[in-house]
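Chain by chain, the residues run as shown.
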Amino acid sequence: MDAINYITTGFRTSPFYISAILLLLLLVSVFAIRVFGNHCAESSEPWELPNWKGIPLIGNTIQYIVDNSSFITRTTLVLQARDIVQFRLGPIKTYLVSGPQNVQALFRKSASVSGDKFLLMTMESLMCYTKEDLTKFANDKTGRLAVPKEGTAAPQDGTRYWHGMHHHMKTLAQITSTSVLTDKFLEFFDERIQAYPLGEPATVNLFNFMRTKMAGAAIRALAGDALFARVGEDNLLDAFWAYDTIVINLLYALPKWMDPKPWKIRAHAFDLCLEWLQRDFDAVEDPESERNDVDWHPVMGLRFIREFLTWYKKEGLSDNTRAGHFLGFLLGLNGNTIPIAGWALMEIILDRPLWKAVQEEAESAFTVNPTTGKRNLDIQKMMGLPILQSVYVETLRVHVSVNVTREVVGETATIAGYKLPRNSLIQAPTRIAHFNEKAWATADHSAAEFWPYRHIKYAEVQVENGEVTKKPEFVLAAGPNDFFPYGGGVSICPGRHFAKQEIMATIAIMVSTFDMEMVEWVSFDGKTKSNRPAQENPKYSGSASMPPDRDMKVRWTRRI
Ligand SMILES: *[C@@H]1O[C@H](CO)[C@@H](O)[C@H](O)[C@H]1NC(C)=O
Ligand SMILES: *[C@@H]1O[C@H](CO)[C@@H](O)[C@H](O)[C@H]1NC(C)=O
């Protein structure tokens, strides 16, 4: 849900101004190294990544920006042998870390490292916070936890903004929030599937289906009925996905007057959220009355949304900030789940034995109501299906790309036995951890490969007639700190439980409802035939799940 929390620092890559940025970086680096460089000659420093192509000072920065995938490939190799390396990102000392202990250290409660700076960046650029409201957060140094950070006092107006935000976010991770959200999602997703008449073949662009029907059902489950009723489902979805594609542009944006397009796209999606907030949400008389105290409200959505936006209002945060944060929630809700469910289904469709295995498992998790004849998905049972779980984890492993980033805010922070100086950055890219051969490779399947059974172990069980059969069991192929698609620590994605249920349920429903076969690969907009399969869209590297850059045209028939 809160993937945007983890979007990290970096620089935009449009060719227009890349040379301007590089020149600036060069100047700043030369200056910074002059000033600080001489102090760094001591021995107790992590190994330094050689500069890319031998270009002094800024070689690595250039590769980081213009060729992120080669940078990752290079550093992944390096980090097989050591668990921390340093390089300069412009003038900033940056450390890449890997290995379970270091990742764990990064996620540990700590006064010396913080991700707040990056969250503030996303609040400004993605979530449209007003300057005034950003200042309120920036001035609150008391942290997210219940007890204020040592030596800090509450801000002048008495509100602990970070703590309040964090406290509300955490409620999203609770069992009741998750199960209400999942139930509503299943109800609305089913409506969208019923629109395909039983027994009639249809040709569909699969990823486009996920981006409209899966996202439509999820947004309605989170926000209630009034949002689509007010601004139109198709209209909102178009505006939302346009916004999703320019998230990276916004984060590393040029001023509006130089490159107005991303800002216009953001404004359009934002306006729709604001319209709903002001005309529907805020028009509810007394949102905190007992009558409105329900788990899911048709106008104010899930309890979490109602409580969050009401709290923001009570604390005097502006409508713009509230609508903008809501837009951020939509991004968190869909930015990871849709690409992951899409990739998982495409893999399953391309592999007939896998399709059969997942279908057989999925069918075992449905019960049929004897009176109404309606199928019902038993979520608890589904969550325990081994092959489905393995496919889910493997898809996250391979297709999530998030740079978990922290800033050293204390005097120093100790990682991997080194004292890292204040203001330096520490990054743990999932790309590096999730592709670590030592952690993930099996005898026959390298970490680079999508292998749907990677997380399956076979246990021998005795069946009645004395025969022994092998029963698949789900076992994560590496340690828990080798796998962190949802980040970790205080800022771990609060929507992770829902995301897992939503993705697994979508797969289970699709494979058990339709007979399906691939027709051909098509362009992302579905308009032309493509001569190659989908690959990851590199634009999303480091910020979220990587969506496919092509769509899969399938022919399906609803059979249930
Ligand atoms: C994520 O990190 C990689 C290097 O580890 C870098 O090349 C890429 O640009 C980063 N992405 C973002 C969005 O910061
Ligand atoms: C990563 O590099 C690719 C080119 O290799 C580029 O298209 C993409 O925009 C870059 N992504 C980020 C987040 O910088």
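Residues numbered from 1 in each chain as written. Chains lettered and ligands numbered in written order. Predicted model: local features only at pLDDT ≥ 70, side-chain atom pairs only at ≥ 80, totals over all residues. Heavy atoms only, no water.

Visitor: Got a minute to help me understand the overall build of the protein chain in this structure?
Guide: Across its full length, the protein chain carries 22 helices and 17 strands. Against the globule reference of 24 Å for 560 residues, the protein chain gives a C-alpha radius of gyration of 24 Å, in line with a compact fold. Here the C-alpha coordinates of the protein chain stretch approximately 75 × 65 × 50 Å along the principal axes. When each of the 560 residues of the protein chain is scored for burial, the buried share is 56%. Accessible surface, the protein chain as shown: approximately 24400 Å² in total, 54% of it carbon and sulfur. Charged side chains in the protein chain number 60 positive and 62 negative. The centres of these two groups are separated by 5 Å. (Helix = DSSP H or I, 4+ residues; strand = E, 2+ residues; numbered from the N terminus. Rg over C-alpha atoms; globule rule 2.2 N^0.38 Å. Buried < 20%, exposed > 50% of the residue type's maximum accessible area, 1.4 Å probe, protein only. Areas by Shrake-Rupley, 256 points an atom, 1.4 Å probe, with all protein chains shown as cover. Lys, Arg positive; Asp, Glu negative; His and termini not counted. Charge placed at Lys NZ, Arg CZ, Asp CG, Glu CD.)

Visitor: It is not clear to me how the environment of Glu233 should be interpreted in this structure. Could you clarify?
Guide: Along the chain, Glu233 falls in helix α11 (residues 233–245). Each C-alpha atom, one on Glu233 and one on Tyr95, is 44 Å from the other, the two residues being 138 residues apart in sequence. Apart from residues no more than four positions distant in its own chain, Glu233 is found in contact with Arg192, Thr212, Gly216 and Phe228. Engagement of the side chain of Glu233 in a polar contact is seen with the side chain of Arg192, the distance being 3.0 Å. (Contact = heavy atoms within 4.5 Å. Polar contact = N/O pair within 3.5 Å; in protein donor to acceptor, adjacent residues only side chain to side chain.)

Visitor: How do you make sense of the sheet that holds strand β17 (residues 550–558) when you look at a structure like this?
Guide: The strands making up a sheet associate through backbone hydrogen bonding, with each pair oriented either parallel or antiparallel. The three strands are arranged β4-β17-β15 in an open sheet whose pairing can be described as antiparallel. Either end of the sheet is taken by a strand with one partner, and the two such strands are β4 (201–205) and β15 (514–523). Taken over all neighbouring pairs, the strand axes of this sheet differ in orientation by 20 degrees on average, direction set aside. Packed on one face of the sheet, helix α22 (residues 496–513) meets β15 and β17 and runs near 110 degrees to β15. (Pairing = 2+ DSSP bridges. Axes fitted to C-alpha atoms, helices over the stretch in contact; angles between N-to-C directions.)

Visitor: Can you help me understand the UniProt feature "binding site: heme" (unreviewed entry) in the protein chain in this one?
Guide: Here, the residues flagged by UniProt with the feature "binding site: heme" (unreviewed entry) are Cys493. Topologically, Cys493 is positioned in the loop between β14 (468–474) and α22. On the accessibility criterion, Cys493 (1% relative accessible area) is buried. (UniProt positions renumbered as here; feature names shortened; annotations may be inferred.)

Visitor: Where do I start with the pattern of salt bridges in this structure?
Guide: Any two side chains of opposite charge can pair, given that their charged atoms come close. In total, this model carries 31 salt bridges according to the counting rule given. Measuring nitrogen to oxygen at the nearest pair gives 2.9 Å for the salt bridge that ties Arg230 to Asp280. Of this pair, Arg230 sits in helix α10 (residues 226–231) while Asp280 sits in the loop between α13 (261–279) and β5 (296–297), placing them 50 residues apart in sequence. Of the charged contacts in the structure, one is a salt bridge between Lys553 and Glu520, with a shortest N-O distance of 3.7 Å. In this pair, Lys553 is assigned in strand β17 and Glu520 in strand β15, connecting sequence segments 33 residues apart. Salt bridges sharing common partners tie together Asp293, Asp295, Arg303, Arg306 and Glu307. (Salt bridge = Lys/Arg side-chain N within 4 Å of Asp/Glu carboxyl O.)

Visitor: How should the nonpolar core be read in this particular structure?
Guide: Looking at soluble globular proteins, one finds that nonpolar side chains tend to be buried together. Ranked by internal contacts, the top residues of the largest apolar core, which has 150 residues, are Met165, Tyr243, Met382, Met510 and Trp556. Among the elements that make up this core, the one with the highest residue count is helix α9 (residues 206–223) (twelve residues). Leave out the neighbours within four places in its chain, and Tyr243 touches Leu126, Leu250, Ile265, Arg266, Ala269, Leu327 and Leu331. By size, the runner-up hydrophobic cluster in this structure holds twelve residues, among which are Val85, Phe87, Leu89 and Ile432. (Core = buried A, V, L, I, M, F, W, Y, C linked by side-chain atoms within 4.5 Å.)

Visitor: Looking at this model, I keep getting lost on the pairing of strand β1 (residues 84–89). Mind explaining?
Guide: On any regular strand, side chains alternate: one points to one face of the sheet, the next to the other face. Within β1, six of the six residues are buried, which leaves it mostly tucked inside the rest of the structure. Here β1 shows no split at all, with Ile84, Gln86 and Arg88 on one side and Val85, Phe87 and Leu89 on the other all buried. Both β1 and strand β2 (residues 92–97) contribute to a ladder of six bridges, which runs antiparallel. Looking across to β2, one finds that Arg88 is bridged to Lys93. Adjacent in sequence and paired antiparallel, β1 and β2 are bridged by two residues, among which Gly90 carries a positive phi angle near 60 degrees.

Visitor: What exactly am I supposed to notice about the side chain of Arg211 here?
Guide: The topology assignment puts Arg211 in helix α9. Within the buried set, Arg211 has no salt-bridge partner at all; the shortest N-O distance to an opposite charge, 5.2 Å, is to Asp244. Look past the residues within four positions of Arg211 in its chain and what remains in contact with it is Leu237, Trp241, Ile338 and Phe524.

Visitor: Just checking my understanding: could you explain the packing of α11 against helix α15 (residues 319–334) for this structure?
Guide: For any two helices packed against each other, the geometry is given by the interaxial angle and the distance between the axes. Two elements in contact, α11 and α15, have axes separated by 11 Å at closest approach and are oriented at 80 degrees. Regarding the angle of α11 to α15, the classification is roughly perpendicular. From α11, Leu236, Phe240, Trp241, Tyr243 and Asp244 reach across to α15, where they touch Leu327, Leu330, Leu331 and Asn334. (Parallel < 35°, antiparallel > 145°, perpendicular 65-115°, else oblique.)

Visitor: Sorry if this is basic, but what is going on with helix α17 (residues 352–363) here?
Guide: Because an α-helix completes one turn every 3.6 residues, residues spaced three or four positions apart along the sequence face the same direction. If you check α17, its first and last C-alpha atoms are 16 Å apart, about what twelve residues at 1.5 Å a residue would give, namely 16 Å. Here α17 has its buried residues at Leu354, Trp355, Val358, Gln359, Glu361 and Ala362. One side of α17 carries all its buried residues, which in axial view fall inside an arc of 165 degrees. Among the exposed residues of α17, those pointing more than 90 degrees away from its buried face are Pro353, Lys356 and Glu360. Those residues of α17 hidden inside the fold are in contact with α16 (337–349), β7 (366–368), α19 (386–399), α22 and β15. (Expected span 1.5 Å × (residues − 1). Arc of directions from axis to C-beta.)

Visitor: Can you walk me through the packing of α17 against α19 in this structure?
Guide: Two elements in contact, α17 and α19, have axes separated by 8 Å at closest approach and are oriented at 120 degrees. One element, α17, and the other, α19, form an angle in the oblique class. Contacts from Leu354, Ala357, Val358 and Glu361 of α17 reach α19 at Pro386, Ile387, Leu388 and Val391. The class makeup of the residues in the contact of α17 with α19 is seven nonpolar, no polar and one charged. (Nonpolar A, V, L, I, M, F, W, Y, C, P; charged D, E, K, R; others polar.)

Visitor: How should I be thinking about the packing of aromatic side chains in this particular structure?
Guide: In total, this model carries 30 aromatic pairs according to the counting rule given. Ring geometry for Phe209 and Trp556: centres 5.0 Å apart, planes at 90 degrees, overall edge-to-face. Separated by 347 residues along the polypeptide, Phe209 in helix α9 and Trp556 in strand β17 bring together distant segments of the chain. Assigned by exposure class, Phe209 and Trp556 land together as buried. Through pairs of rings, three or more aromatic residues link up here, namely Tyr129, Phe137, Tyr161, Trp162, Phe304, Phe308, Trp311, Tyr312 and Phe329. Seen from the ring of Trp47, Arg82 lies directly overhead, with NZ or CZ sitting 4.0 Å from the centre. (Phe/Tyr/Trp six-rings, centres within 6.5 Å; stacked < 30°, edge-to-face > 60°. Lys NZ or Arg CZ within 6 Å of the ring centre and 35° of its normal.)

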